[in-house]
Amino acid sequence: MMGDGVLYGSLDCGRPDSLLSEERVWEYPEGVGPGASPPLAIVLTQFHFLLLLADRVEAVCTLTGQVVLRDHFLEKFGPLKHMVKDSSTGQLWAYTERAVFRYHVQREARDVWRTYLDMNRFDLAKEYCRERPDCLDTVLAREADFCFRQHRYLESARCYALTQSYFEEIALKFLEARQEEALAEFLQRKLASLKPSERTQATLLTTWLTELYLSRLGALQGDPEALNLYRETRERFRAFLISPRHKEWLFASRASIHELLASHGDTEHMVYFAVIMQDYERVVAYHCQHEAYEEALAVLSRHRDPQLFYKFSPILIRHIPRQLVDAWIELGNRLDARQLIPALVNYSQGGETQQVSQAIRYMEFCVNVLGETEQAIHNYLLSLYARGQPASLLAYLEQAGASPHRVHYDLKYALRLCAEHGHHRACVHVYKVLELYEEAVDLALQVNVDLAKQCADLPEEDEELRKKLWLKIARHVVQEEEDVQTAMACLASCPLLKIEDVLPFFPDFVTIDHFKEAICSSLKAYNHHIQELQREMEEATASAQRIRRDLQELRGRYGTVEPQDKCATCDFPLLNRPFYLFLCGHMFHADCLLQAVRPGLPAYKQARLEELQRKLGAAPPPAKGSARAKEAEGGAAAGGPSREQLKADLDELVAAECVYCGELMIRSIDRPFIDPQRYEEEHLSWL
């Protein structure tokens with residue numbers, strides 16, 4: 001306190017001349033000071049000082065010097081004596097002769113921000129209203145307006161971006177002031193503060209920023225004095241494009257940004273942005289439009305996208321065929337060769353050797369290395385061979401094999417293709433695969449006879465067809481080439497041909513001398529064949545005589561039956577009823593054998609057996625006496641088979657073999673011992 005006021009300021013120990021900075025003097029108002037009521041004490045708080053007078057306490061703001069509080073005391077308490085501040089608790093105490101008063105300071109700094117704001121001390125104002133968003137917005141708006149009036153546009157843009165002011169109003173302010181750089185700063189900060197759900201606003205800001213950068217670059221480009229500024233702006237623009245914070249928004253509005261870049265003709269940044277967005281299709285298309293085909297192929301090879309290869313291969317193959325085929329081969333089975341065939345077809349239509357050779361190189365890689373089995377690929381390779389490399393055509397067909405089920409090309413297409421280009425040997429091979437041997441021989445005869453001979457020997461199992469094919473060859477040799485020696489060689493090559501098969505093909509003026517050896521060989525062969533037939537006839541005659549002799553011996557064989565012998569089936573004495581005796585020693589009653597044989601006979605033999613039994617039962621018994629027997633035999637001969645004949649037929653069915661030792665027993669091995677229909681009955685009988 002001084003005589004005429006209060007001196008106050010901030011302590012600054014770094015100043016050499018004075019410890020106070022921003023010092024001020026608060027002059028005493030009327031009625032206070034020398035000659036009046038001097039202050040008794042002074043107490044300092046954070047933003048105020050309190051003067052103790054005899055009857056009141058006045059609080060003065062240290063920031064503005066204004067009195068913010070006058071607290072008058074009643075006379076009953078007596079005059080004020082002193083005021084102190086408790087340094088440990090910060091409480092203020094005042095006392096009189098009769099009472100003690102405590103001042104409790106609360107929220108002293110609540111309106112300090114407004115004071116700092118009026119003083120344009122925005123940093124301190126923001127510091128004291130940081131937890132009050134509405135007040136902070138007011139401070140930021142006031143600071144932005146202040147910076148704008150001071151022409152500090154970039155700082156103003158940064159502050160405006162933090163406020164809730166109308167976006168359009170602020171943008172128009174910068175536009176009217178022609179401050180595109182500050183506007184870009186404002187837009188960029190607004191873009192960074194957007195939420196993921198605000199897609200429309202983000203797209204608008206992203207597009208607008210791109211337009212501002214492009215306009216700025218266009219204005220600076222070509223000015224040698226602004227070269228550094230141009231480079232700086234370009235770097236900021238590229239930093240904006242590659243910023244991770246903006247990547248999502250840039251990707252969402254990439255189509256409009258590409259249109260902007262194209263409208264400004266900024267191809268450099270168009271490619272740069274396409275690479276950032278991984279839109280390699282635009283990059284490759286740009287290189288192709290500017291005839292930078294090797295750069296386009298480098299982009300394709302680096303990113304290995306099959307779809308891009310399919311799309312741009314028809315263009316690249318016209319200009320860099322070898323490099324493109326190398327790239328295809330490097331990718332291997334990641335590419336579908338079928339989708340590259342259209343590009344190869346368009347490229348190879350010119351028919352030049354280099355064009356066809358590159359197409360063949362890739363197709364051979366697919367077939368030989370990748371093992372492709374698609375019919376379209378093999379058919380196209382065939383067509384390339386037929387047009388550009390006929391020497392490789394036959395080798396490819398032979399390598400594919402002669403089985404129609406194992407070749408991967410279309411046989412009919414291959415045949416038509418080889419015929420159109422006149423490749424007869426290849427046609428002959430296809431005919432052989434199709435097993436059209438007659439057509440193969442006919443076409444092979446137009447090439448050479450040896451090829452026809454190879455085709456004629458192919459149908460090994462069909463001798464008639466082989467003979468027919470060799471006759472075709474012989475006729476061609478005789479009638480077309482008129483070479484008797486070659487015809488005789490053909491006759492010697494095929495054992496199926498005889499001299500008499502070939503003779504009709506020769507002209508009448510050919511002498512016998514040409515066929516002398518062939519005729520002699522044929523006669524010798526016939527003589528040998530006749531001798532073989534005679535030997536076989538003699539062997540057959542001897543065999544028939546031996547069989548006849550064995551039959552005679554069998555008729556004279558007999559067996560002995562003892563009185564105690566029993567039937568092998570019913571185990572009753574054998575001599576009680578008619579019986580059969582077999583060479584194996586088994587003996588059966590006639591009716592027992594019939595019952596044992598019947599189930600094993602086929603259905604038609606069972607029917608025949610029943611018929612013979614019926615006829616035998618209806619036949620008259622044999623008459624006694626020779627005269628009547630002859631009459632019975634004569635009547636049987638006139639009306640049907642005799643009784644003896646019926647019995648012989650019955651014996652042939654029933655007693656042809658022993659039921660236990662013959663084939664009948666072998667065929668019955670799979671029959672169950674108990675009839676399935678009688679199984680339950682048999683099962684119950686054992687219980």
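The sections below set out a description of the structure shown in this document. Just so you know, these numbers come straight off a predicted model, no measurement behind them.

We now examine the side chain of histidine 423. Its location among the elements puts histidine 423 in the loop between helix H20 (411–420) and helix H21 (424–433). The residues contacting histidine 423, other than those within four sequence positions of it, are Ala386, Pro390, Leu393 and Cys418.

Our next topic: a positive patch on the surface. Taken together, Arg114, Arg132, Arg142 and Arg149 make up a surface patch of like positive charges. Tracing the sequence through the fold places arginine 149 in helix H3 (residues 133–149). Under the relative-accessibility criterion, arginine 149 is labelled exposed at 55%.

One pass over the full model with this rule turns up eleven salt bridges. We note a salt bridge from arginine 338 to glutamate 374, for which the minimum N-O separation is 3.8 Å. Of this pair, arginine 338 sits in helix H16 (residues 337–348) while glutamate 374 sits in the loop between helix H17 (353–369) and helix H18 (375–388), and the two are 36 residues apart along the sequence. For glutamate 374, a relative accessible area of 33% corresponds to the partly exposed category. Here glutamate 532 and arginine 535 are joined by a salt bridge, their closest N and O atoms 2.6 Å apart. With glutamate 532 and arginine 535 both in helix H27 (residues 516–555) and three residues apart, the pair spans about one turn of that helix.

Residue alternation in strand E3 (residues 41–44) divides its side chains into a buried set, Ala41 and Val43, and an unburied set, Ile42 and Leu44. Direction of pairing for E3 relative to strand E4 (residues 48–52): antiparallel, over a ladder of four bridges. Directly across from valine 43, in E4, lies its bridge partner leucine 50. The loop that links E3 with its antiparallel partner E4 comprises three residues.

If you trace the backbone, aspartate 565 turns up in the loop between H27 and strand E10 (579–581). The contacts of aspartate 565, once residues within four sequence positions are left out, are Thr560, Phe572, Pro573, Leu574 and Met587.

Positioned with a positive phi, glutamate 435 is a non-glycine residue whose angle comes to about 65°. Here glutamate 435 lies in the loop between H21 and helix H22 (437–444). Here the phi dihedral of aspartate 571 falls at roughly 65°; this positive angle occurs in a residue that is not glycine. Inspection of the secondary structure puts aspartate 571 in the loop between H27 and E10.

Within this structure, the stated rule accounts for seven aromatic pairs. Centroid distance tyrosine 396 to tyrosine 409: 6.0 Å. Interplanar angle 50°. Geometry classified as tilted. Placement of the pair is tyrosine 396 in helix H19 (residues 390–400) and tyrosine 409 in the loop between H19 and H20, with a sequence separation of 13 residues. Taking the relative accessible area as the measure of exposure, tyrosine 396 reaches 8% and is therefore buried. Plain terms: the ring middles of phenylalanine 582 and phenylalanine 588 are 5.9 Å apart, the flat faces sit at 75° to each other, and that makes the pair edge-to-face. Neither phenylalanine 582 nor phenylalanine 588 differs from the other in exposure class; each is buried. Cluster of aromatic residues (ring-pair linked, three or more members): Trp328, Tyr362 and Phe365.

Attention now moves to the packing of H18 against H19. Axis separation between H18 and H19 bottoms out at 6 Å; the angle between their running directions is 140°. Contacts between H18 and H19 involve His378, Leu381, Leu382, Tyr385, Ala386 and Gly388 on the former and, on the latter, Pro390, Ser392, Leu393, Tyr396 and Leu397.

This part is about a nonpolar patch on the surface. Residues Val84, Trp93, Tyr95 and Val100 make up a contiguous nonpolar surface patch of roughly 340 Å² in combined accessible area. Tracing the backbone through its elements, the reader meets valine 100 in strand E9 (residues 100–103).

So, how was this worked out
- Residues numbered from 1 in each chain as written.
- Predicted model: local features only at pLDDT ≥ 70, side-chain atom pairs only at ≥ 80, totals over all residues.
- Heavy atoms only, no water.
- Helix = DSSP H or I, 4+ residues; strand = E, 2+ residues; numbered from the N terminus.
- Contact = heavy atoms within 4.5 Å.
- Patch = residues over 30% accessible without salt bridge, like charges linked within 9 Å, V, L, I, M, F, W, Y side chains within 5 Å.
- Areas by Shrake-Rupley, 256 points an atom, 1.4 Å probe, with all protein chains shown as cover.
- Salt bridge = Lys/Arg side-chain N within 4 Å of Asp/Glu carboxyl O.
- Lys, Arg positive; Asp, Glu negative; His and termini not counted.
- Charge placed at Lys NZ, Arg CZ, Asp CG, Glu CD.
- Buried < 20%, exposed > 50% of the residue type's maximum accessible area, 1.4 Å probe, protein only.
- Pairing = 2+ DSSP bridges.
- Phe/Tyr/Trp six-rings, centres within 6.5 Å; stacked < 30°, edge-to-face > 60°.
- Axes fitted to C-alpha atoms, helices over the stretch in contact; angles between N-to-C directions.

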